[in-house]
Amino acid sequence: MIYVEDCLKTLDRKLYYDYVVCSPPDFDELDKAIDFSYADFIKSWAVKLEPASNFVSICISDRKSGGQIVSKHSIVIDVFKTLGYILHSHKIWVKGTGVNDYRMNYQHVMTFSRKNAKRKPIADFKPDVFIINSSKYKNYGYGMPVRVIELLIQNYTDKDNIVYDPFMGSGTTAVAAMNTKRQWIGSEINQEYADLTKTIVLSWLNNHPDIDRKVSRVISSFNKRVANATNSICGPVNFDDLPD
């Protein structure tokens, strides 16, 4: 389910979810200057997270500004440590080898854990560096590859677990969750992005021949949720629970 609202409001709903994965917005996306307290922003929603598995993954790129590097990933680490988490895993996704004047061409893929949570890594998650091309839907580029989110979800959840993304954006987490047979919940404050997620999810349902017998029933249910919802536009789809 995707809620078209600030994630703080969604988190106050006290929804159940097993795992959190997200890519927090950058300064310009928040309409803030570099001297804005990014730590306060991260803490404002991180303190409200309650994943049942006690794992939270944050995908974030550092920023170049005024001749310096703004180490956003270090800010995230510091905030999560104050909230009782440890840095459980730290991977790097290489975006490309070109030149970007504002952002680094790699992204930190960090997973935090608390309460002594443990998880045996799957084989594909063991490398420290992921070199994977960005994913695209038509002419729209996802913020990061669906495959990277799939690896995170596969490593930190089990089938039918619920994955929550506080900053759903264009629906990367939703697609990755469906690809790996997990449920998903998301928050997205921007209506345009929320609508894009709806379009992408419906496209995904229509393009999976392995669930052909169930697709029409899924889409019908999906569209009813869209029509009836006041602050959400879709819901998680559990294919195994649908009748043939």
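The following paragraphs examine the structure supplied in this document. (Residues numbered from 1 in each chain as written. Predicted model: local features only at pLDDT ≥ 70, side-chain atom pairs only at ≥ 80, totals over all residues. Heavy atoms only, no water.)

1. Some thoughts on the packing of aromatic side chains
Scanning the entire structure with this criterion turns up 12 aromatic pairs. Centre to centre, the rings of Phe 55 and Tyr 156 are 4.8 Å apart; their planes meet at 45°, and the pair counts as tilted. Within this pair, whereas Phe 55 is found in strand S3 (residues 55-60), its partner Tyr 156 is found in helix H4 (residues 146-156), the two being separated by 101 residues in sequence. Of the two residues examined, Phe 55 and Tyr 156, each falls in the buried class. Grouping aromatic residues by their ring pairs yields a cluster made of Tyr 19, Phe 55, Phe 125, Phe 130 and Tyr 156. Positioned above the aromatic ring of Phe 125 is the side chain of Lys 91, whose terminal nitrogen or guanidinium carbon lies 4.8 Å from the ring centre. (Phe/Tyr/Trp six-rings, centres within 6.5 Å; stacked < 30°, edge-to-face > 60°. Helix = DSSP H or I, 4+ residues; strand = E, 2+ residues; numbered from the N terminus. Buried < 20%, exposed > 50% of the residue type's maximum accessible area, 1.4 Å probe, protein only. Lys NZ or Arg CZ within 6 Å of the ring centre and 35° of its normal.)

2. Some points on the packing of helix H2 (residues 38-46) against helix H3 (residues 72-82)
Where H2 meets H3, the closest approach of the two axes is 9 Å, and the angle between their N-to-C directions is 45°. Taken together, the axes of H2 and H3 are oblique relative to one another. Crossing handedness for the pair H2 and H3: right-handed. On H3, the residues touching Tyr 38, Ala 39, Ile 42, Lys 43 and Ala 46 of H2 are Lys 72, Ile 75, Val 76, Val 79 and Phe 80. Grouping the constituent residues of the contact of H2 with H3 by class yields 8 nonpolar, no polar and 2 charged. (Axes fitted to C-alpha atoms, helices over the stretch in contact; angles between N-to-C directions. Parallel < 35°, antiparallel > 145°, perpendicular 65-115°, else oblique. Left-handed = near helix turned anticlockwise from the far one by under 90°. Contact = heavy atoms within 4.5 Å. Nonpolar A, V, L, I, M, F, W, Y, C, P; charged D, E, K, R; others polar.)

3. Overview of the nonpolar core
Formed by 33 residues in total, the largest nonpolar core has its most connected members in Tyr 19, Ile 149, Leu 152 and Trp 184. With 27 residues, the next largest nonpolar core counts Cys 7, Phe 41, Ile 77 and Phe 167 among its residues. (Core = buried A, V, L, I, M, F, W, Y, C linked by side-chain atoms within 4.5 Å.)

4. Considering unusual backbone geometry
The backbone of Lys 115 shows a phi angle near 55°, a positive value even though the residue is not glycine. With respect to the element layout, Lys 115 can be found in the loop between strand S7 (106-113) and strand S8 (129-131). We note that Lys 181 has phi near 60°; this positive angle belongs to a residue other than glycine.

5. Focus: the pattern of salt bridges
Pairing between side chains of opposite charge can happen when their charged atoms approach one another. Enumeration according to the criterion identifies 9 salt bridges in this entry. Lys 48 is paired through a salt bridge with Asp 12; the nearest N and O atoms lie 2.9 Å apart. Of the two residues, Lys 48 is situated in the loop between H2 and S3 and Asp 12 in the loop between helix H1 (7-11) and strand S2 (19-22); the sequence distance between them amounts to 36 residues. One salt bridge in this structure joins Arg 114 and Glu 50, with 2.9 Å as the shortest N-O distance. Residue Arg 114 is found in the loop between S7 and S8, and its partner Glu 50 is found in the loop between H2 and S3; the two are separated by 64 residues along the sequence. Taking relative accessible area as the criterion, Arg 114 reaches 12% and is therefore assigned buried. Residue class for Glu 50 comes out partly exposed when judged on its relative accessible area of 49%. (Salt bridge = Lys/Arg side-chain N within 4 Å of Asp/Glu carboxyl O.)

Honestly, that's just the spatial picture; any functional story needs more than this.
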